[in-house]
Amino acid sequence: MTSETFSVSRRAALRLLAGGATAGLAAGLPASPASAAARAWSVTGRSATSLKPFDDTLKRFMQARTIPHASLAVVRKGKLVLARGYNWTADTSFAAGPTSLFRIASLSKPVTAAAVLKLAQDGKLSLSAKVAPLLGLSTTADPRLAGVTVTHLLQHLGGWDSEVSGDPMFKDRVIAAALGVPLPITQAQIIKHTSGLKLDHAPGTTYAYSNYGYLLLQKIIEKASGVSYASYVQSKVLTPLKIKRMVLGRTAKSLRKSGEVPYFSQYTGKSVIDTSNAVVPFPYGGFNLENMAAHGGWLATAVDLAKFTTLFDAAGVLTSASISKAFAKPSIGVNSDGWYYGLGWQVRPVTGGRNTWHTGSLAGTSTLMVRRYDGLSWVVLFDQRDDASGLNYGDIDSLLHTAANSVKSWPTTNLFSTYGL
């Protein structure tokens with residue numbers, strides 16, 4: 001993976017904002033950016049002297065963008081070798097550490113895909129199953145909806161395109177008005193409204209990043225398992241990996257979990273989580289996080305997500321056959337930039353294997369999870385994605401590859417047990 005890879009994936013991630021959060025940001029009221037003058041730098045957690053390039057990279061990156069908090073975890077050949085929290089803030093009431101909870105945005109998608117693969121592996125769901133009859137969706141508005149399969153949803157081939165018709169997950173006010181219902185809207189209302197619209201593409205023909213497709217996957221997981229989405233993911237995917245801290249997040253600032261970072265943005269907007277029309281910081285009501293569960297709603301620590309990446313290294317929770325399916329090429333093949341979207345992961349074939357990754361982006365959140373062909377993996381989580389500098393947050397991708405490539409010797413200790421994993 002290269003900086004080019006990330007810029008492409010970043011564009012894909014930003015499609016989730018079309019017609020929704022981007023419009024809200026453009027119309028939002030700019031807030032005064034926090035001053036860097038009074039900020040202090042601090043680092044928490046465990047690492048090794050030879051891994052200093054990672055610390056140096058995070059310091060330069062965060063200070064240039066005045067990012068208050070971050071967490072980074074690095075795995076080499078299945079062992080956690082670095083687990084850090086980074087802080088560039090004047091507020092000493094909270095310090096991010098390796099086990100601080102962050103909104104992970106679209107890093108939720110590989111988690112959801114793993115749950116779907118587990119259901120299929122256990123014979124409770126077919127990846128070729130048609131979605132409309134499975135969920136009782138009407139195909140009156142567009143008969144092509146009848147052809148959408150579970151695999152299409154996983155690979156963003158379902159036919160919804162936010163660049164054409166906007167992202168339903170960020171169209172709360174539009175949907176509320178169309179249905180004549182008050183805010184906050186529900187997932188069921190999002191599905192009802194969107195099922196009444198025509199698809200933007202014929203299913204299976206065009207890659208178009210779709211948060212809505214992953215909302216439908218949430219409902220499929222619940223239908224096939226007979227339990228809530230969160231319960232299934234926690235019991236069948238996370239618990240076998242000893243991951244106990246991950247939980248679905250909440251929108252309101254007052255509902256932050258213990259150990260959860262605060263979120264920062266330059267922008268404000270009218271709340272979509274109640275009928276008050278109150279102007280709020282965008283991360284705390286400019287979108288409805290509860291509705292985004294399967295595509296962007298999880299809270300996690302960098303350490304927990306680093307452990308999650310090991311699920312795909314060898315058979316365990318998933319069989320080798322299921323893991324192969326996760327990274328198999330879609331029917332449309334590899335794109336002109338040399339990568340493709342598998343089942344919940346972006347995949348780039350490289351000499352010696354493949355790089356797989358996912359990005360996450362919400363107001364107040366910028367995240368990246370990478371699995372590299374040579375046995376290295378890392379997860380970095382930030383509690384900000386915009387600031388007055390205008391610098392690109394996607395640059396962290398190439399910078400972390402550079403940091404990893406500059407390490408001369410790797411520690412052999414495994415820190416997973418230090419953090420309860």
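Because the structure is a prediction, the values reported are computed rather than measured.

Asks: So what exactly am I meant to see when it comes to the packing of helix H4 (residues 108–121) against helix H10 (residues 211–225) here?
Replies: Between two packed helices, both the angle of their axes relative to each other and the distance between the axes serve to describe the pair. Interhelical geometry of H4 versus H10 gives an angle of 35° and a closest axis separation of 10 Å. When you trace H4 past H10, the crossing you get is left-handed. Here H4 contributes Lys109, Thr112, Ala113, Ala115, Val116 and Leu119 to the contact with H10, which in turn contributes Asn211, Tyr214, Leu217, Ile221, Ala224 and Ser225. Per-class residue counts for the contact of H4 with H10 are eight nonpolar, three polar and one charged.

Asks: Explain the nonpolar core here, please?
Replies: For soluble globular proteins, nonpolar side chains are generally found buried alongside one another. Phe54, Leu72, Leu80, Val150 and Phe308 are the most contacted members of the largest nonpolar core, which totals 122 residues. When neighbours within four sequence positions are excluded, Leu72 is seen to be in contact with Phe54, Leu58, Leu82, Ala83, Arg84, Tyr86, Ala302, Trp378, Val379, Val380 and Leu400.

Asks: Sorry, what's going on with the side chain of Thr251 here?
Replies: On the secondary structure map, Thr251 appears in the loop between strand S6 (247–248) and strand S7 (267–270). Classification of Thr251 by relative accessible area gives buried; the value is 1%.

Asks: So what exactly am I meant to see when it comes to unusual backbone geometry here?
Replies: Both trends apply: most residues other than glycine have a negative phi, and most peptide bonds are in trans. Between Leu183 and the following residue, Pro184, the backbone shows a cis peptide bond with an omega angle of 0°. Within the element layout of this structure, Pro184 appears in the loop between helix H8 (172–179) and helix H9 (187–195). One non-glycine residue with positive phi stands out, namely Ala105, at about 55°. Note on placement: Ala105 falls in the loop between strand S5 (102–103) and H4.

Asks: What is the right way to read the sheet that holds strand S9 (residues 298–300) from this model?
Replies: Either a parallel or an antiparallel arrangement is found when strands of a sheet pair, and the pairing is made through backbone hydrogen bonds. The sheet built from three strands is open, its strands ordered S5-S9-S6 with antiparallel pairing. Each edge of the open sheet carries a strand with a single partner, namely S5 and S6. Summarising the sheet, S6 and S9 pair through two bridges and their orientation is antiparallel. Bridge pairing in S9 places Leu248 opposite Trp298.

Rules and cut-offs
Residues numbered from 1 in each chain as written. Predicted model: local features only at pLDDT ≥ 70, side-chain atom pairs only at ≥ 80, totals over all residues. Heavy atoms only, no water. Axes fitted to C-alpha atoms, helices over the stretch in contact; angles between N-to-C directions. Helix = DSSP H or I, 4+ residues; strand = E, 2+ residues; numbered from the N terminus. Left-handed = near helix turned anticlockwise from the far one by under 90°. Contact = heavy atoms within 4.5 Å. Nonpolar A, V, L, I, M, F, W, Y, C, P; charged D, E, K, R; others polar. Core = buried A, V, L, I, M, F, W, Y, C linked by side-chain atoms within 4.5 Å. Buried < 20%, exposed > 50% of the residue type's maximum accessible area, 1.4 Å probe, protein only. Pairing = 2+ DSSP bridges.

Just geometry here; none of it tells us what the structure is for.
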